[in-house]
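Fold and contact review
The lines below spell out each chain.
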Amino acid sequence: MKKSVFILSFLLLSKAYSYDAIVIVLEAPLLKEPKLNSIVLQTLRKGSRVYVPKEIGDLFELPEFIQTYDRVGNLAFVPTKYIKIVTHDLSESRMPITYPQNDPTDYRLEEPIPQSYPFDNTSFLRASLALTMSNNIKAPFDYNSNFSKQTFSTESGGRLIITHKINFDRHDRYYFGFFGAITTSNNTIQFKNENKSSENRSILRLGPVITFDAFKTNNYRFTLGTGFTYNYHKSALKMSGAAGSEERLFSGYSLSPMANTQVQVTDVLPQTDLIAGADFSLFLPHTQKSKDEIAIPELWGTESPTQIQSGLKTQVAFFLGVQVKY
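Below or above, wherever it landed, is the structure these notes cover. Values in this document were obtained by computation on a predicted structure and should not be read as measured data.

On to the overall build of the protein. When you go through the protein residue by residue, the secondary structure sums to three helices and 18 strands. Its C-alpha radius of gyration of 37 Å places the protein more than 25% over the 20 Å reference for a compact globule of 326 residues. Reported as C-alpha extents along the three principal axes, the dimensions of the protein are approximately 120 × 40 × 30 Å. Looking at the protein as a whole, 38% of its 326 residues are labelled buried. Long-range pairs, those at least 24 residues apart, make up 67% of the contacts in the protein between residues at least 6 apart in sequence.

This is the structure we're talking about:
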């Protein structure tokens, strides 16, 4: 009882020789020692009053920590940047009335609170589906005949990527998975002898890929990726002329290193992103072979080859699609 009366008397008397200070952060700690990692004796909410000794409040340059007392009269220290001293004169302008930047003591979640709170709703799986358009890699067949006109269409198709966040990545940037694509193109060749060839070429691509989100905000991500694909090529060549028409099938395999860039506009729909970008591929030399016997030699010539030779080819494919996170 005597101690309580003493403390109350001390606080009442000390008020005449002190300044009031107002807490300007959500929760200011009263520390046992003048350092942030010291024991916290008490915490004060925003707007609470703190007693500051007058001799300290009158200093032109305030110390990093200001001496005060906790609720039971123990000596304590409060970080100066967490309070504003009220002196009732022009010197008050030295200290702001609000914390100048993001309040480091404010632990409250930003609105709106996620529906899954308090559980983490971060998605670590991605699946994207996109339409693609690219240059024709042109692997011409040796028809042993002079042509008067060639037409090569744009190569088009679709691509699918399924990736998972790499376990050691703490910043949600690295993803690893598989890349798949199917593309087709159509070529026509008109020969001087009035024959005509129609080519339908398809490529099936499968392989591993790793991506890195080089830049990200709440609404956008810029992603870089690399990998390689093992490719299956299939070409259907149909020759038409006065002697009739005949189709031959050629197939083969190749390997393609690749790199890509991608922009993601996140959450245009729930858990769905809009994606756009480009794939850069290098098709290594390969051969497509045919087992079909020639039925009409007049169309192909007596020395028509049984394979299609393709050298080193580069391709740029642009894509646009959606990405689902789950």
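With that settled, consider unusual backbone geometry. The backbone phi angle of D172 is positive, close to 55°, even though this residue is not glycine. Looking at the element boundaries, D172 is found in the loop between strand 10 (155–165) and strand 11 (174–191). Overall, D172 belongs to the buried group, its relative accessible area being 14%. The backbone of Q271 shows a phi angle near 60°, a positive value even though the residue is not glycine. When you line up the elements, Q271 lands in the loop between strand 14 (244–269) and strand 15 (272–283).

Burial along strand 17 (residues 307–310) is one-sided: I308 and S310 are buried, while Q307 and Q309, pointing the other way, are not. Sheet topology places strand 16 (residues 286–289) next to strand 17; four bridges connect them, and they run antiparallel. When the bridges of strand 17 are listed, T287 appears paired with Q309.

Quick look at the nonpolar core now. V23, V25, V52, I66, V78, I83 and I85 are the most contacted members of the largest nonpolar core, which totals 19 residues. Secondary-structure elements contributing two or more residues to this core are strand 1 (18–23), strand 2 (27–31), strand 4 (49–53), strand 6 (75–79) and strand 7 (83–86). The biggest single contributor to this core is strand 1, with three residues. Ranked by size, the runner-up nonpolar core spans twelve residues in total, among them A139, Y143, M239 and I308.

The subject of this paragraph is the side chain of S128. Summarising the element assignment, S128 is placed in strand 8 (residues 125–134). The exposure class assigned to S128 is buried, which follows from its relative accessible area of 3%. When sequence neighbours within four positions are dropped, the list of residues in contact with S128 reads R159, L160, I161, I275, V322 and Q323.

This part covers the packing of aromatic side chains. Enumeration according to the criterion identifies eleven aromatic pairs in this entry. A centroid spacing of 6.2 Å and a plane angle of 55° characterise the contact between Y82 and Y99, whose relative ring orientation is tilted. Placement of Y82 in the loop between strand 6 and strand 7 and of Y99 in the loop between strand 7 and strand 8 is noted, with a sequence separation of 17 residues between them. Under the relative-accessibility criterion, Y82 is labelled buried at 7%. Taking the relative accessible area as the measure of exposure, Y99 reaches 17% and is therefore buried. Aromatic pair F141 and Y143: ring centres 4.8 Å apart, planes at 80°, arrangement edge-to-face. On the basis of relative accessible area, F141 is assigned to the buried category, the value being 6%. Three or more aromatic residues joined by ring pairs make a cluster, and in this case those are F141, Y143, F191, F250 and W300. One Lys or Arg, R126, reaches over the ring of Y175 and ends 3.7 Å from the middle of that ring.

Here we take up the pattern of salt bridges. Across all of its chains, the model carries eleven salt bridges by this definition. For D106, the salt bridge identified is with R108, shortest N-O distance 2.9 Å. What makes D106 partly exposed here is its relative accessible area of 31%. Take R108: its relative accessible area is 54%, and that puts it in the exposed class. For the salt bridge of K325 with D273, the shortest nitrogen-to-oxygen distance reads 3.2 Å. Taken together, the positions of K325 in strand 18 (residues 313–325) and D273 in strand 15 put the pair 52 residues apart, joining distant regions of the chain. Given a relative accessible area of 0%, D273 falls into the buried group. In this structure, a network of salt bridges that share partners links the residues R126, D172, D213 and R221.

Turning our attention to a nonpolar patch on the surface. Residues F228, Y230, Y253, L255, L284 and L312 make up a contiguous nonpolar surface patch of about 600 Å² in total accessible area. Among the elements of the structure, strand 13 (220–241) and strand 14 are those that each provide at least two residues to the nonpolar patch. Mapped onto the elements, L312 comes out in the loop between strand 17 and strand 18. Taking the relative accessible area as the measure of exposure, L312 reaches 55% and is therefore exposed.

Analysis parameters
Residues numbered from 1 in each chain as written. Predicted model: local features only at pLDDT ≥ 70, side-chain atom pairs only at ≥ 80, totals over all residues. Heavy atoms only, no water. Helix = DSSP H or I, 4+ residues; strand = E, 2+ residues; numbered from the N terminus. Rg over C-alpha atoms; globule rule 2.2 N^0.38 Å. Buried < 20%, exposed > 50% of the residue type's maximum accessible area, 1.4 Å probe, protein only. Contact = heavy atoms within 4.5 Å. Pairing = 2+ DSSP bridges. Core = buried A, V, L, I, M, F, W, Y, C linked by side-chain atoms within 4.5 Å. Phe/Tyr/Trp six-rings, centres within 6.5 Å; stacked < 30°, edge-to-face > 60°. Lys NZ or Arg CZ within 6 Å of the ring centre and 35° of its normal. Salt bridge = Lys/Arg side-chain N within 4 Å of Asp/Glu carboxyl O. Patch = residues over 30% accessible without salt bridge, like charges linked within 9 Å, V, L, I, M, F, W, Y side chains within 5 Å. Areas by Shrake-Rupley, 256 points an atom, 1.4 Å probe, with all protein chains shown as cover.

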